[in-house]
Amino acid sequence: MTTFELGGHDYIQLNQLLKLLSLVESGGEANQAIVLGQIKVNGQPELQKRKKLFPGDRVLFLGQEIVIVGDD
């Protein structure tokens, strides 16, 4: 499991998260993975490319879980 800290922001978009964590090589690859249903957010398939992720959200992609955390 990996945690991603929002660093002062309220949320991060799903496609941006995948790019920032280098889980994909490009924004196009991130978008394609999303529309193909390869991503789950909080246990449910997510098809929104720009889905806003907030603290507590859990993303599952290629067997890797990412938990979004806020500033503590």
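Located above this text is the structure these notes cover.
Residues numbered from 1 in each chain as written. Predicted model: local features only at pLDDT ≥ 70, side-chain atom pairs only at ≥ 80, totals over all residues. Heavy atoms only, no water.

J.: Quick question: what am I supposed to make of the nonpolar core here?
T.: Buried together is how nonpolar side chains tend to be arranged in soluble globular proteins. Ranked by internal contacts, the top residues of the largest apolar core, which has 18 residues, are Leu17, Leu18, Ile39, Leu53, Val59 and Ile68. Listed by contribution, the elements that provide at least two residues to this core are helix 1 (14-20), helix 2 (27-35), strand 3 (39-41), strand 6 (58-61) and strand 7 (64-69). With residues up to four places along the chain from it excluded, the contact list for Ile39 reads Leu14, Leu18, Ala33, Ile34, Gln44, Pro45, Glu46, Val59, Leu60 and Phe61. (Core = buried A, V, L, I, M, F, W, Y, C linked by side-chain atoms within 4.5 Å. Buried < 20%, exposed > 50% of the residue type's maximum accessible area, 1.4 Å probe, protein only. Helix = DSSP H or I, 4+ residues; strand = E, 2+ residues; numbered from the N terminus. Contact = heavy atoms within 4.5 Å.)

J.: How should the environment of Arg58 be read in this particular structure?
T.: Along the polypeptide, Arg58 turns up in strand 6. Judged by its relative accessible area of 37%, Arg58 falls in the partly exposed class. For Arg58 and Val69, which are eleven residues apart along the polypeptide, the C-alpha to C-alpha distance reads 9.6 Å. Beyond its immediate chain neighbours, meaning those up to four positions away, Arg58 contacts Met1, Lys40, Val41, Asn42, Glu65, Ile66 and Val67. Side-chain polar atoms of Arg58 contact the side chain of Glu65, separated by 3.0 Å. (Polar contact = N/O pair within 3.5 Å; in protein donor to acceptor, adjacent residues only side chain to side chain.)

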